Amino acid sequence: MFAIALKMLFHDRAKYLGLILGVAFSTLLINQQLGIFIGLITRVGAVIVDVPQADIWVMDPGVKNLDTIFPLRDTELGRVRGVPGVAWAVPLYKSNVTIRTGNGELEASLLIGVDDSTLIGLPPEVVMGNIDDLRRPDAVAVSVDGFRKVWRNEPLSLGNIAELNDRRAVVVAIVKDSPKFTSSITFFTRYSQALQYTNNGRNQMSFIVAKSAPGATPQEVSRSVVARTGLQAMSAEDFRYKAIMYVVQNTGIPISIGTVVGLGILVGIAVVGLMFNLFVLENLKQFAVLKAIGTSNMRLIGMVFLQAAVVGFVGFSVGLFGATMFFETAGKSPTFQGFYLPWYVAAGSGAIAAAIIVLAALLAMRRVLFVDPAIVFRG
């Protein structure tokens, strides 16, 4: 009987292809949009990820994310260093600057000022150059994607000169950083050098990044910093989560992507449900013949679910392959670098595809269960 069910399914190639495309399109849309969403919110905490040495971030009590910063007084650094449980603490500077390239073009970029002595705050992966050269005057390191965007069609090289806020900057190192949410051009320099590029006011220290001492958790030390200094302090993971939730709650990204995902689900239900009902309707006489020769309703139900399962498996596989190829291809460009398809998104889309197929099968089941075997003899 199950072989007959498969022959019925494969015989009507047009509807079989339509069912597969309906499931595949829904799967592709869901995976692509959710993958893009996760990639976007992951970029929100890229600056935190690039400082893996620090597990505590200290900032002004009013700071809600990485983009809206109220600078700290320089004296706050010493107070944080004096809190029990703090192994070390260094300043970190973050600001947006305008860069002028050699051909006169202007680009918006992100400037990160790292600790002068330890260079903590610099991404650990160095693609070219020596990070110790950052101690030279006017020395900066640039991200790989930033170099390719500023100096287009040029191979990676050192010694390139640019202007950061009308001040000379010499590239002495190229590093691999995490893709940022707002800008793909990131420059790194010493904290003292960063202040010369910006000079925004009396207080300029954006953050204090610290490391908890052995035997103390970041959360415990953070609470001690808050109690003793009155500043806001939290673990790196908590700060990254807070920055992500700020974007989720205060932008239209979740609604926009959620709407597209919802439309993908509705399209899948409508197309697959309609096509499967038409398929069952056109094969109603065959089901009636099987019922007339004594096939039980449970066996007929099994046949319909087998047909639905085959359609769902093939359609889901095609859609998942398309989504995977999208991220594999798009991920090679700087714009989509770091975007990927998490396994749990693929698993979730598989559950959605299964639900769509089961719903379509249940809708079609009514015709099969209540078909009158006598229609075989009515001509």
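Right above here is the structure, for reference.
Source: prediction; values computed, not measured.

About the thresholds
- Residues numbered from 1 in each chain as written.
- Predicted model: local features only at pLDDT ≥ 70, side-chain atom pairs only at ≥ 80, totals over all residues.
- Heavy atoms only, no water.
- Helix = DSSP H or I, 4+ residues; strand = E, 2+ residues; numbered from the N terminus.
- Contact = heavy atoms within 4.5 Å.
- Areas by Shrake-Rupley, 256 points an atom, 1.4 Å probe, with all protein chains shown as cover.
- Salt bridge = Lys/Arg side-chain N within 4 Å of Asp/Glu carboxyl O.
- Buried < 20%, exposed > 50% of the residue type's maximum accessible area, 1.4 Å probe, protein only.
- Core = buried A, V, L, I, M, F, W, Y, C linked by side-chain atoms within 4.5 Å.
- Patch = residues over 30% accessible without salt bridge, like charges linked within 9 Å, V, L, I, M, F, W, Y side chains within 5 Å.
- Expected span 1.5 Å × (residues − 1).
- Arc of directions from axis to C-beta.
- Polar contact = N/O pair within 3.5 Å; in protein donor to acceptor, adjacent residues only side chain to side chain.
- Axes fitted to C-alpha atoms, helices over the stretch in contact; angles between N-to-C directions.
- Parallel < 35°, antiparallel > 145°, perpendicular 65-115°, else oblique.
- Left-handed = near helix turned anticlockwise from the far one by under 90°.
- Nonpolar A, V, L, I, M, F, W, Y, C, P; charged D, E, K, R; others polar.

**Student:** Before we go on, may I ask you to explain the overall build of the chain in this structure?
**Tutor:** Within the chain, the regular secondary structure consists of twelve helices and ten strands. Taking the intrachain contacts of the chain between residues at least 6 apart in sequence as the baseline, contacts between residues at least 24 apart amount to 78%. Working note: accessible area of the chain is about 17,900 Å², and carbon and sulfur atoms make up 61% of it.

**Student:** Could you clarify how one ought to interpret the pattern of salt bridges in this entry?
**Tutor:** Oppositely charged side chains can pair when the atoms bearing their charge come close. For the structure on display, the rule yields ten salt bridges. Where Glu-76 meets Arg-79, a salt bridge forms, and the shortest distance between an N and an O atom there is 3.0 Å. Pair noted here: Glu-76 and Arg-79 are both in helix H4 (residues 75–81), with a separation of three residues, about one helical turn. Residue Arg-79 is classed as partly exposed on the basis of its relative accessible area of 37%.

**Student:** Would you mind going over unusual backbone geometry with me for this structure?
**Tutor:** Excluding glycine, most residues fall at negative phi; most peptide bonds, likewise, are trans. Here Leu-119, not a glycine, exhibits a phi torsion of approximately 60 degrees, which is positive. Along the polypeptide, Leu-119 turns up in the loop between strand E3 (106–114) and strand E4 (125–129). One non-glycine residue with positive phi stands out, namely Asp-138, at about 65 degrees.

**Student:** Before we go on, may I ask you to explain the nonpolar core in this structure?
**Tutor:** Most often, soluble globular proteins keep nonpolar side chains buried together rather than apart. The biggest cluster of nonpolar side chains holds 45 residues, and the ones touching the most others in it are Trp-57, Met-59, Leu-66, Ile-112, Ala-141, Phe-207 and Phe-239. Of the residues forming this core, the biggest block, six residues, is contributed by helix H2 (residues 13–44). Apart from residues no more than four positions distant in its own chain, Met-59 is found in contact with Leu-72, Phe-207, Leu-231, Gln-232, Met-234 and Phe-239. Membership of the second largest hydrophobic core comes to 35 residues, among which are Ile-56, Val-140, Val-142 and Val-171.

**Student:** Can you help me understand a nonpolar patch on the surface in this one?
**Tutor:** Together, Leu-263, Leu-266, Ile-269, Leu-359 and Leu-363 make up an exposed nonpolar region whose accessible area comes to about 430 Å². Elements supplying a minimum of two residues to the nonpolar patch: helix H9 (253–282) and helix H12 (343–369). The element best represented in the nonpolar patch is H9, accounting for three residues. Classification of Leu-266 as exposed rests on a relative accessible area of 54%.

**Student:** When you look at the environment of Ile-41 in this model, what are you seeing that I'm missing?
**Tutor:** Looking at where Ile-41 falls in the secondary structure, it is placed in helix H2. It is 7.7 Å that separates the C-alpha atoms of Ile-41 and Phe-181, two residues lying 140 residues apart in sequence. Not counting the four nearest positions on each side in its chain, Ile-41 is found in contact with Ile-244 and Val-248.

**Student:** Honestly, helix H8 (residues 236–250) in this entry has me stumped. Any pointers?
**Tutor:** Helical periodicity: at 3.6 residues per turn, an α-helix aligns residues three or four positions apart in one direction. The first and last C-alpha atoms of H8 sit 21 Å apart over 15 residues, in line with the 21 Å expected at 1.5 Å per residue. Those residues of H8 that fall on the buried side of the exposure criterion are Ala-236, Phe-239, Ala-243, Ile-244 and Val-247. The buried residues of H8 occupy an angular sector of 135 degrees when the element is viewed end-on, so they sit on one face. Of the exposed residues in H8, the ones pointing more than 90 degrees away from its buried face are Glu-237, Tyr-241 and Gln-249. Where the residues of H8 are buried, they touch H2, helix H3 (46–49), strand E1 (56–59), strand E9 (207–212), strand E10 (232–235) and H9.

**Student:** Can you help me understand the environment of Phe-187 in this one?
**Tutor:** Here Phe-187 is to be found in strand E8 (residues 186–190). Of the residues examined, Phe-187 reaches a relative accessible area of 1% and is grouped as buried. With 65 residues separating them in the primary sequence, Phe-187 and Leu-122 have C-alpha atoms 9.8 Å apart. Phe-187 has contacts with Ile-99, Ser-109, Leu-110, Leu-111, Ile-112, Val-140, Ala-141, Val-142 and Leu-164, leaving out every residue within four places of it along the chain.

**Student:** Looking at this structure, I do not really get the side chain of Ser-235. What am I missing?
**Tutor:** Along the chain, the position of Ser-235 falls in strand E10. According to the relative accessible area criterion, Ser-235 is buried, its value standing at 4%. Among the polar contacts listed, one links the side chain of Ser-235 to the side chain of Asp-238, at a separation of 3.0 Å. Among all residues touching Ser-235, those that are not within four sequence positions of it are Asp-55, Ile-56, Pro-218, Gln-219 and Ser-222.

**Student:** Help me out: how do you make sense of the packing of H2 against H9 in this one?
**Tutor:** The relative placement of two packed helices comes down to the angle between their axes together with the axis-to-axis distance. Between H2 and H9, whose axes approach to 9 Å, the crossing angle comes to 170 degrees. As judged from the angle between their axes, H2 and H9 are roughly antiparallel. Between H2 and H9 the crossing geometry is left-handed. Here the residues of the contact of H2 with H9 sort into 22 nonpolar, six polar and two charged.

**Student:** Sorry, what's going on with the environment of Val-127 here?
**Tutor:** Along the chain, Val-127 turns up in strand E4. The exposure class of Val-127 is partly exposed, given its relative accessible area of 39%. Along the sequence, Val-127 and Ser-143 sit 16 residues apart, while their C-alpha atoms lie 9.0 Å from each other.

**Student:** Please explain the side chain of Asp-55 as it appears in this structure.
**Tutor:** If you trace the backbone, Asp-55 turns up in the loop between H3 and E1. With a relative accessible area of 15%, Asp-55 lands in the buried category. Once residues lying within four places of it in the same chain are set aside, the contact partners of Asp-55 are Ala-210, Lys-211, Ser-212, Pro-218, Met-234, Ser-235 and Ala-236.

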